[in-house]
Amino acid sequence: MRKIYSLIVFAGCLSCLIGCEQDLPVYDTPECHLNFYYSGLRTTKDTDSIHSQSSYSFIYGPDDVKSDTIWFEVETMGFVSDEDRPIQLVQLDTVNNAVPDVHYVSFTNPSISGKYVMPAGKARTRIPVVVLRDASLKQGDVNLRFTFGDNGYFSPGYPVLAVRNLIISDLLSRPSLWDYVNTTTMNGVERYYGKYGRRLHQFMIDETGEKWDDEYIKKIVDGDNGYFTYLFMKLGQRLKEVNAERQAQGLDVLREDDGTAVFIYTYY
């Protein structure tokens, strides 16, 4: 009797579950949105927002390079389509704004606007931003802050994922992942390897032969932890040696443009 009762209860629960599943609303929202796609989302050091800044400097390339292309991955929220759909990009106002067709090819320029498309049957694609090597970039960085426009096909998605900021330069510039490599935690205390400065950046390039750009920083941080620690230990020791050599010649220690001494923390 107890077994029969259990079977009746089980059948009743199963029937309820099936009924609830059938009552679930069908997703039929026609609106489609766009977000920038981040592989391995991470937050910034001091906020819960996604780290949406990236940087590009012509300083790493040959002198005759006058333009270059940076690719950004974007993905849709909503249904895919059986036809190509145009993507609209819009520049946002910020500090040291990049000038269209001076520092980058305008998003509406016919030479590139046709490449802003979500292909048929796709929910993710790459779109280009073409940066231009204007002489003014030798004097300082400019910022290209941009998002998606509402063009009838797409509108911006989540605010934290729908905006990017690209720093364009022809000087050494602070890598967007600098804080990714700049701190570590030891015995519960956050250690600071060094505040970013162009002299520090150049010193690290000269001593290692590496660019210390986003690609290299991610490689060493995600790589062998022992090598990472060893590398900073050697850089700290080498900085002390260079400063000692300079002082023996009657020169000052290495300093940034604002007078701050170049600094690399080491706990050895």
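Refer to the structure presented above.
Residues numbered from 1 in each chain as written. Predicted model: local features only at pLDDT ≥ 70, side-chain atom pairs only at ≥ 80, totals over all residues. Heavy atoms only, no water.

Chemist: Looking at this structure, I do not really get the sheet that holds strand β9 (residues 155-156). What am I missing?
Modeler: Through backbone hydrogen bonds, the strands of a sheet pair up, either in parallel or in antiparallel fashion. With mixed pairing, 4 strands are arranged side by side in an open sheet as β7-β3-β1-β9. Looking along the sheet, the strands with just one partner apiece sit at the ends: β7 (124-132) and β9. One ladder, built from 9 bridges, connects strand β3 (residues 67-77) with β7; its direction is antiparallel. Across the sheet, Ile-70 pairs through a bridge with Val-129, a residue of β7. (Pairing = 2+ DSSP bridges. Helix = DSSP H or I, 4+ residues; strand = E, 2+ residues; numbered from the N terminus.)

Chemist: I keep staring at the packing of helix α5 (residues 214-221) against helix α6 (residues 225-248) and nothing clicks. Help me out?
Modeler: What describes two packed helices is the angle between their axes and the distance between those same axes. Following both chains from N to C, one finds α5 and α6 inclined at 120°, their axes separated by 8 Å at the closest point. In this view, α5 runs oblique relative to α6, as classed from their interaxial angle. Side by side, α5 and α6 meet where Tyr-216, Ile-220 and Val-221 of the first sit next to Tyr-227, Phe-228 and Leu-231 of the second. (Axes fitted to C-alpha atoms, helices over the stretch in contact; angles between N-to-C directions. Parallel < 35°, antiparallel > 145°, perpendicular 65-115°, else oblique. Contact = heavy atoms within 4.5 Å.)

Chemist: It is not clear to me how unusual backbone geometry should be interpreted in this structure. Could you clarify?
Modeler: Backbone geometry follows two general trends: most residues other than glycine have a negative phi, and most peptide bonds adopt the trans configuration. Of note, Asp-101 is a non-glycine position whose phi angle comes to about 60°, a positive value. Looking at the secondary structure, you find Asp-101 in the loop between β5 (89-92) and α2 (110-113). Of note, the phi angle at Trp-212 is positive, near 55°, even though the residue is not glycine. Structurally, Trp-212 is set in the loop between α4 (198-208) and α5. Classification of Trp-212 as buried rests on a relative accessible area of 0%. (Buried < 20%, exposed > 50% of the residue type's maximum accessible area, 1.4 Å probe, protein only.)

Chemist: Help me out: how do you make sense of the nonpolar core in this one?
Modeler: The nonpolar side chains of a soluble globular protein tend to be buried, and buried together. If you look at the biggest cluster of nonpolar residues, it comprises 33 residues, and the most contacted ones within it are Ile-87, Leu-144, Phe-146, Leu-166 and Ile-168. Where this core is concerned, the elements lending two or more residues are β1 (33-36), β3, β7, β8 (142-148) and β10 (163-169). The element best represented in this core is β7, accounting for 5 residues. One finds Ile-205, Tyr-216, Ile-217 and Phe-232 within the second-largest nonpolar core, a separate group that totals 21 residues. (Core = buried A, V, L, I, M, F, W, Y, C linked by side-chain atoms within 4.5 Å.)

Chemist: What is the right way to look at the packing of α4 against α6 in this model?
Modeler: In contact at an axis separation of 11 Å, α4 and α6 are set at 105° when each is read in the N-to-C sense. As far as their axial angle goes, α6 and α4 are roughly perpendicular. Here α4 contributes Phe-203, Met-204, Glu-207 and Thr-208 to the contact with α6, which in turn contributes Leu-231, Phe-232, Leu-235, Arg-238, Leu-239 and Val-242. Across the contact of α4 with α6, the residue classes tally to 7 nonpolar, 1 polar and 2 charged. (Nonpolar A, V, L, I, M, F, W, Y, C, P; charged D, E, K, R; others polar.)

Chemist: Would you mind going over the packing of aromatic side chains with me for this structure?
Modeler: Geometrically, a pair of aromatic rings is defined through the distance of the ring centres and the angle of the planes. One pass over the full model with this rule turns up 12 aromatic pairs. Pairing Tyr-104 with Phe-107 gives two aromatic rings, centres 5.2 Å apart and planes at 50°, and the pair type is tilted. Each member of the aromatic cluster is reached from another via a ring pair, and the members are Phe-36, Phe-72, Tyr-104, Phe-107, Tyr-116, Phe-146 and Phe-148. Between Arg-124 and the ring centre of Tyr-37, over which it is positioned, the NZ or CZ distance is 3.6 Å. The ring of Trp-71 carries the charged tip of Arg-126 above its face, separated from the ring centre by 4.6 Å. (Phe/Tyr/Trp six-rings, centres within 6.5 Å; stacked < 30°, edge-to-face > 60°. Lys NZ or Arg CZ within 6 Å of the ring centre and 35° of its normal.)

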